[in-house]
Amino acid sequence: MKLRFDIQNANQPDPYIFKDGGKFYMYVTADKGVEAYSSDDIFGTWKFEGIVMTIDNCYEFWAPCIIKVGEWYHIYVSCSSENMFEHLHTARSKSPLGPFSEPKMLYDRFSIDAHVVETKEGLYLWFAQDNKETDRIGTRVYVDKLIDPYTPQDDPKEVIVPTFDEEIFMRNRFGDGKDWHTIEGAFWFEEDGWQYVMYSGACYQNDTYHIGYSAAKTDEQDLKKVDFIKHTENGAFAPTMIKNEFEEGVGHHSVIKLDGKYYAVYHGRDIKPENDTDYVERRTARICRLHVKDGVITAERYEDKV
C-alpha cells in the first residue's frame, strides 16, 4: 500500500473521492476552478483532467464534493469574488468530468466544505459556517436539508462545535483578544447501525491540525434529528489522525468503501526538514485504511512502501 497517490501534479488540497461506473474521480481545491483527476484503479495511476467547473469572476474554489441525482452530476464548492468571501455554490453536468454549468449560490454568507448525501428522507447538505455568538468563536459543522439539489431549506442545525484548545485556528485572530476556532470538512456515512461525521479541526499549517469524528447509534434518516456525540478519550482531545513522525498537515478528507473496507482520502505533507523555514504549499492527496466498528474509527497509516 502506498501513502501517496500516483499523481504528477504538485498539490491536491481537500481531495474528494468519487466512484462512478467502475471509474474513480477525485476533485480538489484550486484557484481558478475545481480541478479533477480520474483513474481506473484507486491505487493505480491518476490522470489530471484539468478544470471541470468554474464561475466567471470567481476564484479560490475550495473543497468540492459531487453527488449523482438521477441523470445529473451535481458539484458543490465554495468560491470568492470581489463581493463575497467563500460562499457555497452548486452546478450540474451530465458527466462527472463536466463541464458543470448553471451555477447557483446556495447561501448569501460565508459557507464552505460541502458534503451532500442522500437518505430515505431526502438530500442533506453538511457544511461549515461561522458562529460568533459563543465562547469558542469560529467555524462549526452544520447540516441542512435540500429541497432539491439547488435549494437548501436554509434552516441548518449546528452539529459539531469546538471544545478544545487544539481546535484553535489562530489566537487573537482579529486583535480583539478572542481565539478563532475551526471545525470544518464534514464527511457523513453510516455503517452497521451507526452514523459517523468525520471532520477537520484547527489550521492546516499548525501542528494540531487533525481529523476527528462524531458518532450516533441510530437508524434515523432525517439527519437533522440525529444527535451526534464527539469522540474523546474520557473527555480529552483524541483525534483519529494528526501529525506523526512522517507527515504533517493531516486534514480535510473524504471516505470511500471498497470491497468491504473503508479508506480515508486526505491531504497531508511530508515532514519538512528543520532548516526549511519558508512555507510552500505542498498538500498532496494520500490514502489510508480506516477501521470502523461499534461507533469507533481508527486509522491505519503508513509511509510509502511497495
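Residues numbered from 1 in each chain as written. Predicted model: local features only at pLDDT ≥ 70, side-chain atom pairs only at ≥ 80, totals over all residues. Heavy atoms only, no water.

Caption draft 1: Structural view of the sheet that holds strand 2 (residues 23–28). Taking strand neighbours across the sheet as the criterion, the four strands line up as 1-2-3-4 in an open arrangement whose pairing is antiparallel. Of all strands in the sheet, those with a lone pairing partner are strand 1 (16–20) and strand 4 (47–53), marking the two edges. Strand-to-strand twist of the sheet, defined as the mean angle between neighbouring strand axes without regard to direction, takes the value 30°. Pairing geometry for strand 2 and strand 3 (residues 34–39), over five bridges, is antiparallel. Note on strand 3: the bridge partner recorded for methionine 26 is tyrosine 37. (Pairing = 2+ DSSP bridges. Helix = DSSP H or I, 4+ residues; strand = E, 2+ residues; numbered from the N terminus. Axes fitted to C-alpha atoms, helices over the stretch in contact; angles between N-to-C directions.)

Caption draft 2: View of the nonpolar core. Judged by nonpolar contacts, the single largest core of 51 residues is most densely connected at Tyr27, Met53, Leu125, Phe189 and Leu290. Looking at this core element by element, the count peaks at five residues for strand 6 (residues 72–81). Discounting chain neighbours no more than four positions away, the residues touching methionine 53 are Gly33, Val34, Phe61, Ile75, Val77, Ala91 and Phe100. Listed in part, the 16 residues of the second largest apolar core include Tyr124, Trp126, Tyr199 and Leu223. (Core = buried A, V, L, I, M, F, W, Y, C linked by side-chain atoms within 4.5 Å. Buried < 20%, exposed > 50% of the residue type's maximum accessible area, 1.4 Å probe, protein only. Contact = heavy atoms within 4.5 Å.)

Caption draft 3: Region of the structure containing the pattern of salt bridges. Summed over all chains, the structure comprises 17 salt bridges. Arginine 140 is the salt-bridge partner of glutamate 158, the closest N and O atoms lying 3.3 Å from each other. On the criterion of sequence distance, the pair formed by glutamate 158 in strand 13 (residues 157–160) and arginine 140 in strand 11 (residues 138–148) is long-range, its members being 18 residues apart. Notably, a salt bridge pairs glutamate 247 with arginine 286, separated by 3.0 Å at the nearest N-O pair. Taken as a pair, glutamate 247 in strand 20 (residues 247–258) and arginine 286 in strand 22 (residues 284–293) lie far apart in primary sequence, 39 residues in all. You'll find glutamate 247 and arginine 286 in the same group, each marked buried. One connected set of salt bridges, linked through shared partners, spans Glu247, Asp270, Arg286 and Arg301. (Salt bridge = Lys/Arg side-chain N within 4 Å of Asp/Glu carboxyl O.)

Caption draft 4: Layout of the packing of aromatic side chains. Applying the stated criterion across every chain yields a total of 15 aromatic pairs. Taken together, a centroid distance of 4.8 Å and an interplanar angle of 20° make the contact between tyrosine 107 and phenylalanine 127 stacked. Separated by 20 residues along the polypeptide, tyrosine 107 in the loop between strand 8 (101–105) and strand 9 (112–119) and phenylalanine 127 in strand 10 (residues 122–131) bring together distant segments of the chain. Phenylalanine 127 carries the same exposure label as tyrosine 107, and that label is buried. With centroids separated by 5.5 Å and ring planes inclined at 90°, the aromatic side chains of phenylalanine 174 and tryptophan 180 adopt a geometry described as edge-to-face. On the accessibility criterion, phenylalanine 174 (54% relative accessible area) is exposed. A residue is classified by how much of its surface remains accessible, and tryptophan 180, at 4% relative accessible area, is buried. Members of the aromatic cluster, joined through ring pairs, are Phe189, Trp194, Tyr196, Tyr213 and Tyr262. Looking at arginine 92, its charged tip hangs above the ring of tryptophan 72, at a distance of 3.7 Å from the centre. We note arginine 283 situated over the ring of tyrosine 204; from NZ or CZ to the ring centre the distance is 3.9 Å. (Phe/Tyr/Trp six-rings, centres within 6.5 Å; stacked < 30°, edge-to-face > 60°. Lys NZ or Arg CZ within 6 Å of the ring centre and 35° of its normal.)

All quantities given are derived from atomic positions and should not be read as evidence of function.
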